[in-house]
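# Report on the structure
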Amino acid sequence: MGIFSKTTDYFGIDIGATSVRLVQLKKHGAKPVLVAYGSTPLPNNLIASDAADAADQLATIIKNLVKDAGITTKSVVAALPAAKVFASVISTPKVSAAELSQAVKYQADQYIPMPIDQVRLDWTVLGPGKNENEQLVLLIAAPNVTTEKYLGIFEKAGLELVALEVDVTALSRAVLTPDANQVVMLDIGSLASTVSLVVNGAPRLIHSVPTGAAAFVQAVGQGLKIDANEAMAMVQKFGMNKASMDGKVLKHLQPVVDIIMEEIKKSVAFYMNENPDARFEKLVFTGGAAGMPGLPLYVANSLKMPVELGNAWLNVSYPANMQADLATVNREYAVAVGCAARMVM
Ligand SMILES: Nc1ncnc2c1ncn2[C@@H]1O[C@H](COP(=O)(O)OP(=O)(O)OP(=O)(O)O)[C@@H](O)[C@H]1O
Ligand SMILES: [Mg+2]
């Protein structure tokens, strides 16, 4: 977001609640080539911690991972969780890039529920607006406290942050093909899920829901009166399958999954209200929980929409002998791949 250097040699990073993932790509014709990747689990949602030594601990983990994964650069593009930013689509007059900066800043105040001097603004022109002399602009505002926190962690890790972008922008770059016109993206992580409506490659609506795989495990644990480890095993093995365990796991998962389904329906209805001709052709599903048995089918039935499992490596070339390894992590790496692809695609 506005903090760019001229480098084209950099890697992408996704710091999630459960793990950190790195990906480095190299420009090569239409499809960038995978140079290096790696991940490591994170203790206790370290990125959200305000403990005095959390930033040091995270920086050390990242520094070691950069070395172990064989990353060959110190420049990094990082993703900010959608939950940490304010995103709105605004309409501005069709003006030059220099004038647009003024127009955006002028309007931002109405859309951002924080003092404008406490956020960093970023914007992308989406296309023509409702009237001939207008254009639609995606406005993203990230609180300074958040961007400074990320800058501090990377500095401690001996890295240079060259760009910060919202995770859904990275996701869409990684898992969508250029012909995807109107797609719902759903990422279910550990603590949060992100719903985004992507039209012609750019997010038009971004909505974060504070419910993820950890809430699935908690619901099953409480419902079946079992501990967290057992509940996690049940969730991962049986998930939403009706036939497993007489549907007992499904029974406790369903109300929690339905919270996310309702939020997707609300987002789509909100968008369709403004854009009655919109037709979302499919939902692309990423995040660790996309691997939960029966969940993609449940989502497809609930939303009456085809569901496709996202593949982080869709737009990347890699040696054939890495195919099997990469396939096992094709949902978890999507955000990191998207960051890595920011300037090479
Ligand atoms: N097969 C599975 N079934 C259900 N849940 C799963 C499965 N595999 C992984 N998970 C859950 O997915 C979560 C990790 O997903 P992911 O890597 O997308 O999260 P994250 O990016 O670290 O979290 P967040 O996006 O909330 O910061 C864990 O909570 C894990 O329990
Ligand atoms: Mg995540």
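### Quick notes on the site of ligand 1
Gly16, Gly189, Ser190, Gly288 and Met292 are the nearest of the 21 residues found near ligand 1. At the level of secondary structure, the elements contributing two or more residues to the shell around ligand 1 comprise helix H5 (213-224) and helix H6 (228-237). Take the shell around ligand 1: its biggest share by element is 3 residues, from H6. Class assignment for the residues of the shell around ligand 1 results in 9 nonpolar, 11 polar and 1 charged. Viewed by domain, the shell around ligand 1 spans two of them, domain 1 (1-84 + 143-177 + 314-345) and domain 2 (179-309), each represented by three or more residues.

### Remarks on the sheet that holds strand E12 (residues 282-286)
Reading across from one edge, E11-E10-E9-E12-E13 is the order of the 5 strands in this open sheet, with mixed pairing throughout. Strands at the two margins of the open sheet, each flanked by one partner only, are strand E11 (202-209) and strand E13 (307-309). Across this sheet, the average inter-strand angle for adjacent strands is 20°, counted without regard to direction. As defined by bridge partners, E12 adjoins E13 across 3 bridges and the pair is classed as parallel. The residue of E13 that forms the bridge with Val284 is Glu308.

### Re the domain arrangement of the protein chain
One can read the domain layout of the protein chain as domain 1 (1-84 + 143-177 + 314-345) and domain 2 (179-309). Distance from the C-alpha centre of domain 1 to the C-alpha centre of domain 2: 24 Å. Contact residues are listed per partner, giving 19 residues for domain 1 and 23 residues for domain 2. Per element, the largest residue contribution to the side of domain 1 that touches domain 2 is 6 residues, and it comes from helix H4 (residues 167-175). Taken together, the residues of the side of domain 1 that touches domain 2 break down into 10 nonpolar, 6 polar and 3 charged.

### Examining H6
What H6 keeps buried is the set Ala231, Met234 and Val235. What you see down the axis of H6 is that its buried residues fit within an arc of 95°, all on one side. Contacts made by the buried residues of H6 are with H5 and helix H7 (248-274).

### Structural notes on the packing of helix H1 (residues 54-69) against helix H3 (residues 144-156)
The N-to-C vectors of H1 and H3 enclose an angle of 55°; their axes lie 8 Å apart at closest approach. Compared by their axis directions, H1 and H3 come out oblique. Between H1 and H3 the crossing geometry is right-handed. Here H1 contributes Ala55, Asp56, Leu58 and Ala59 to the contact with H3, which in turn contributes Gly152, Ile153 and Lys156. By residue class, the composition of the contact of H1 with H3 is 4 nonpolar, 1 polar and 2 charged.

### Here's the deal with the packing of H5 against H7
It is the contact of H5 with H7, at a shortest axis distance of 9 Å, that shows an interaxial angle of 130°. If you check the angle between H5 and H7, you find them oblique. Taken as a pair, H5 and H7 cross one another with a handedness that is right-handed. On H7, the residues touching Ala215, Phe216, Ala219, Val220, Gly223 and Leu224 of H5 are Lys248, Val249, His252, Leu253 and Val256.

### Things to note about the sheet that holds strand E3 (residues 33-41)
The 5 strands lie next to each other as E3-E2-E1-E4-E8, forming an open sheet whose pairing is mixed. The sheet is open, and its two borders are formed by E3 and strand E8 (160-166), each paired with just one other strand. Here the strands of the sheet are splayed against their neighbours by 20° on average, with no regard to which way each runs. As judged from the 4 bridges shared by strand E1 (residues 11-15) and strand E2 (residues 19-26), these two strands associate in the antiparallel manner. Each bridged residue has a counterpart across the sheet, and for Gly12 the counterpart in E2 is Val23. Here H1 sits on the sheet and contacts E2 and E3; the angle it forms with E3, its principal contact strand, is near 140°. Against the sheet, H4 touches strand E4 (75-80) and E8, its axis set at about 85° to E8.

### As for the nonpolar core
Val76 and Val337 are the most contacted members of the largest nonpolar core, which totals 102 residues. Of the residues that make up this core, three or more belong to each of domain 1 (1-84 + 143-177 + 314-345) and domain 2 (179-309). Among residues more than four places away in sequence, those in contact with Val76 are Tyr10, Phe11, Ile13, Phe154, Leu159, Glu160, Leu161 and Val162.

About the thresholds
- Residues numbered from 1 in each chain as written.
- Chains lettered and ligands numbered in written order.
- Predicted model: local features only at pLDDT ≥ 70, side-chain atom pairs only at ≥ 80, totals over all residues.
- Near = placed C-beta within 6 Å.
- Helix = DSSP H or I, 4+ residues; strand = E, 2+ residues; numbered from the N terminus.
- Nonpolar A, V, L, I, M, F, W, Y, C, P; charged D, E, K, R; others polar.
- Domains from an automatic or database assignment.
- Pairing = 2+ DSSP bridges.
- Axes fitted to C-alpha atoms, helices over the stretch in contact; angles between N-to-C directions.
- Contact = placed C-beta atoms within 7 Å.
- Buried ≥ 20, exposed ≤ 12 C-beta atoms within 10 Å, placed from the backbone.
- Arc of directions from axis to C-beta.
- Parallel < 35°, antiparallel > 145°, perpendicular 65-115°, else oblique.
- Left-handed = near helix turned anticlockwise from the far one by under 90°.
- Core = buried A, V, L, I, M, F, W, Y, C linked by C-beta atoms within 7 Å.

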